[in-house]
Amino acid sequence: MVDKVQEQVEALRRLAHTPLQDCIQCGRCSAGCPVAFKMDLLPHRVVWELAQGNLETLLKATAPWQCVSCFACQNRCPRGVSPAAVMEALRLTAIRQQGANKYDAAQLEHFDPELPQQALVAVFRKFNK
Ligand code: SF4
Ligand code: SF4
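All values derive from a computational prediction rather than experimental measurement.

Thoughts on the overall build of the protein
When helices and strands are counted, the protein shows eight helices and zero strands. For the protein, the succession of helices and strands along the chain, N to C, is α-α-α-α-α-α-α-α. Intrachain contacts of the protein at a sequence separation of at least 6 include 67% that bridge at least 24 residues. Accessible area for the protein stands at about 8000 Å²; split by element, carbon and sulfur atoms hold 53% of it.

Written as C-alpha cells, this is what we have:
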C-alpha cells in the first residue's frame, strides 16, 4: 500500500516536472494567482504538499479545477518552480483515473471541423493517455 502511494507520488512529480525542492515557500505564486480566493489549497501549498508526498490531500483538493492555467505563479516564482505545472499534473491524474474520459481517432468526427488543430491535439494529449 505504501509502495503504491509512493509510486503515485513519483508519477505526479514526473508529470509536474518542476523543481519542487527549490521552493522556499515565499508565497509569491499565491499572491499573484487571480483565483487564489477560490482555492482550498493555494499554489505555494500545492507545491509543498507534493514535495512532502501528501497524496491524499492533493487528490481531494479542488484547487486544480479552479486554476485557469494563466502561469502567473510560474512567472512570479523567484526559484523557477511552476505551481501551474503541479495543478496540471493533478488534473491529468484525476482524468486518467476516471478512465472513461477518453477519446480515440474515430470520435474526431464529433468535433467541430472549424476547431483549430492545436485544440484537437490538446484534447488527444489530455484524454488519450
Ligand atoms: S513563488 Fe516559487 S518559491 Fe515562492 S512559494 Fe511559490 S513556488 Fe515556492
Ligand atoms: S496558473 Fe493556476 S495556480 Fe498559477 S496563477 Fe494561474 S490560476 Fe493560479
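Read on, since the account is not over.
A look at the nonpolar core
Residues Leu12, Met39, Val46, Leu50 and Val86 are the most contacted members of the largest nonpolar core, which totals 23 residues. Secondary structure elements with two or more residues in this core: helix H1 (2-16), helix H3 (43-52), helix H4 (55-60) and helix H7 (83-98). With four residues, the single largest contributor to this core is H7. Excluding its chain neighbours within four sequence positions, the residues that come into contact with Leu12 are Leu50, Leu55, Leu58, Ala89, Leu90 and Thr93.

Details of the side chain of Glu49
Within the element layout of this structure, Glu49 appears in helix H3. Here the side chain of Glu49 touches Asn54 through a polar contact of 2.6 Å, side chain to side chain. With residues up to four places along the chain from it excluded, the contact list for Glu49 reads Leu41, Asn54, Thr57 and Leu58.

Observations concerning unusual backbone geometry
The phi dihedral of Gln25 is positive, around 55°, even though this residue is not glycine. Overall, the relative accessible area of 31% leaves Gln25 in the partly exposed class. Although it is not a glycine, Ser69 adopts a positive phi angle of roughly 55°. Along the polypeptide, Ser69 turns up in the loop between helix H5 (63-66) and helix H6 (72-76). With a relative accessible area of 33%, Ser69 lands in the partly exposed category.

Some points on the pattern of salt bridges
According to the stated counting rule, one finds three salt bridges in the structure shown. Of the charged contacts, one joins Glu10 and Arg13 as a salt bridge, the two residues approaching to 3.1 Å between their closest N and O atoms. Pair noted here: Glu10 and Arg13 are both in helix H1, with a separation of three residues, about one helical turn. Its relative accessible area of 24% is what places Arg13 among the partly exposed residues.

The rules behind these values
Residues numbered from 1 in each chain as written. Chains lettered and ligands numbered in written order. Predicted model: local features only at pLDDT ≥ 70, side-chain atom pairs only at ≥ 80, totals over all residues. Heavy atoms only, no water. Helix = DSSP H or I, 4+ residues; strand = E, 2+ residues; numbered from the N terminus. Contact = heavy atoms within 4.5 Å. Areas by Shrake-Rupley, 256 points an atom, 1.4 Å probe, with all protein chains shown as cover. Core = buried A, V, L, I, M, F, W, Y, C linked by side-chain atoms within 4.5 Å. Buried < 20%, exposed > 50% of the residue type's maximum accessible area, 1.4 Å probe, protein only. Polar contact = N/O pair within 3.5 Å; in protein donor to acceptor, adjacent residues only side chain to side chain. Salt bridge = Lys/Arg side-chain N within 4 Å of Asp/Glu carboxyl O.

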